[in-house]
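# Coordinate analysis (summary)
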Amino acid sequence: MRLIATDLDGTIVRHDGTVSPRTAAALNEARAAGVALVLVTGRPTRWLSGLREALGSLGTAICSNGAVVYDDDAGRVLEASVLPVGDLVAARERVLALAPDAVFAAETVAGLHLERGFASSRAEREGLAEEPFDAEALAAEGVVKLLARRPGGTCAEFERLVAPALEGLVALTHSAPGVPLIEMAAPGVDKAVTLARHAARLGVDPADVVAFGDMPNDVGMLSWAGRSYAVGDSQPRVVRAADHVIGTVEEDSVARVLESLLAVDRA
């Protein structure tokens, strides 16, 4: 084990938004033993700050499902894969043709922009205002993720509905359990692709990577890593992608695996 790649929400971040002391201790013990830690998340960069109290230095994190590589220590974006304005407009139009009740938001390098009707409780807590969808202005900021939400149904149903129309135009996934929300990025953007590039820079082979995840946006990463774990009640395609299935985040399941692997390394 030379590199740990882990998703955040539902994997090491509990439902109350915290990392347990046991999980934090296991991750920090691994880093003290010389194992690299990479957070690989659908979260935007600004949602990393709450993890610093538990984990200390976060180093390089892969955010927005692989669209952004962020140096948290320096507070700067190292890489960003953005959607061209034409693709942004086309993706929105194709979704609306199939789901006229969909509303949109755009995560840019600079921040989150919400179309009228999209606001969530978290967005309201951040004080974000809703605004008309201006593709040109958004593209000028660099859109790393286009989000679409419907008032009813499930993520899986929404994805199945629009996936054929979006094939080849955007990379499509979802990661929000219980919310009919899909996430679109530039073609080829995926947690696994960006993680593989980062691992190569570190001189780490896939065989030496241990990965943890729980949602469809983790499938590529779990398939790529030499050893992978689906956390909790993961969806069937997540389970199929992983080498092992473990307990939930509330049971400190990632910590238990790391403690065991570190014990083997010390033996």
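## Quick look at the overall build of the protein
Along the backbone of the protein there are ten helices and 14 strands. Its C-alpha atoms give the protein a radius of gyration of 18 Å, near enough to 18 Å, the size a compact globule of 267 residues would have. Along the first, second and third principal axes, the C-alpha set of the protein runs to 60 × 40 × 35 Å. Scored against the burial criterion, the 267 residues of the protein give a buried share of 49%. Restricting to contacts in the protein with at least 6 residues of sequence separation, those with at least 24 account for 59%. In the structure as shown, the protein presents an accessible area of about 11400 Å², 51% of it carried by carbon and sulfur atoms.

## Comments concerning helix α6 (residues 155–166)
With twelve residues, α6 extends 15 Å between its outermost C-alpha atoms, agreeing within 8% with the 16 Å of an ideal straight helix rising 1.5 Å per residue. Listed as buried for α6 are Cys155, Phe158, Glu159, Val162 and Leu166. Take α6 and look down its axis: the buried residues cluster within an arc of 100 degrees, on one side only. Exposed side of α6, more than 90 degrees from the buried face: Arg160 and Pro164 are the residues found there. The inward-facing, buried residues of α6 contact α3 (85–98), β9 (143–149), β10 (171–173), β11 (181–185) and α9 (236–241). Downstream of α6 by a residue or two, Gly168 has a phi angle that is positive, lying close to 85 degrees.

## Observations regarding helix α1 (residues 21–32)
Residues three or four positions apart in an α-helix share a direction because the helix packs 3.6 residues into each turn. A rise of 1.5 Å per residue sets the reference length of α1, with its twelve residues, at 16 Å; its end C-alpha atoms lie 16 Å apart and thus fit the reference within 8%. Those residues of α1 that sit buried are Thr23, Ala24, Ala26, Leu27 and Ala30. All buried residues of α1 lie within an arc of 165 degrees about the axis, which places them on one face of the element. Across from the buried face of α1, at angles greater than 90 degrees, the exposed residues are Pro21 and Ala32. Looking one or two places after α1, you find Gly34, whose phi comes out positive at around 95 degrees.

## A short note on the packing of aromatic side chains
If you walk through the whole model with that rule in mind, you get two aromatic pairs. Each ring, one from Phe104 and one from Phe133, has its centre 6.3 Å from the other, and the planes form 65 degrees; the classification is edge-to-face. Of this pair, Phe104 sits in strand β6 (residues 103–108) while Phe133 sits in the loop between β8 (130–131) and α5 (135–141); the two residues are 29 residues apart in sequence, bridging distant segments of the chain. Residues Phe212 and Tyr229 carry aromatic rings whose centres are separated by 5.1 Å and whose planes lie at 20 degrees to one another, so their mutual orientation is stacked. Of the two residues, Phe212 is situated in strand β12 (residues 209–213) and Tyr229 in strand β13 (residues 227–231); the sequence distance between them amounts to 17 residues. Note on accessibility: Phe212 and Tyr229 belong to one class, buried. The positively charged end of Arg92 is found above the aromatic ring belonging to Phe133, 4.6 Å away from the centroid. Its guanidinium or amino end placed over the ring of Phe158, Arg150 lies 5.6 Å from that ring's centre, counting from NZ or CZ.

## Focus: the environment of Leu166
Topologically, Leu166 is positioned in helix α6. Note on Leu166: relative accessible area 1%, which makes it buried. In sequence terms Leu166 and Val38 are 128 residues apart; their C-alpha atoms lie 30 Å from each other. Every residue in contact with Leu166, bar those within four places of it in the chain, is listed here: Ala91, Arg94, Val95, Leu172 and Met184.

## Structural notes on the environment of Arg116
By the secondary structure assignment, Arg116 is in the loop between β7 (112–115) and α4 (121–125). Judged by relative accessible area, Arg116 falls into the exposed class, the value being 56%. Not counting residues up to four positions away in its chain, the partners in contact with Arg116 are Val103, Glu130, Glu131 and Pro132.

## Considerations on unusual backbone geometry
Phi angles above zero are rare outside glycine, and Asn65 is one such case at about 60 degrees. Turning to its location among the elements, Asn65 is positioned in the loop between β3 (60–63) and β4 (68–71). For Asn65, a relative accessible area of 6% puts it in the buried group. Here Asp252, not a glycine, exhibits a phi torsion of approximately 55 degrees, which is positive.

What counts, and where the lines are drawn
Residues numbered from 1 in each chain as written. Predicted model: local features only at pLDDT ≥ 70, side-chain atom pairs only at ≥ 80, totals over all residues. Heavy atoms only, no water. Helix = DSSP H or I, 4+ residues; strand = E, 2+ residues; numbered from the N terminus. Rg over C-alpha atoms; globule rule 2.2 N^0.38 Å. Buried < 20%, exposed > 50% of the residue type's maximum accessible area, 1.4 Å probe, protein only. Contact = heavy atoms within 4.5 Å. Areas by Shrake-Rupley, 256 points an atom, 1.4 Å probe, with all protein chains shown as cover. Expected span 1.5 Å × (residues − 1). Arc of directions from axis to C-beta. Phe/Tyr/Trp six-rings, centres within 6.5 Å; stacked < 30°, edge-to-face > 60°. Lys NZ or Arg CZ within 6 Å of the ring centre and 35° of its normal.

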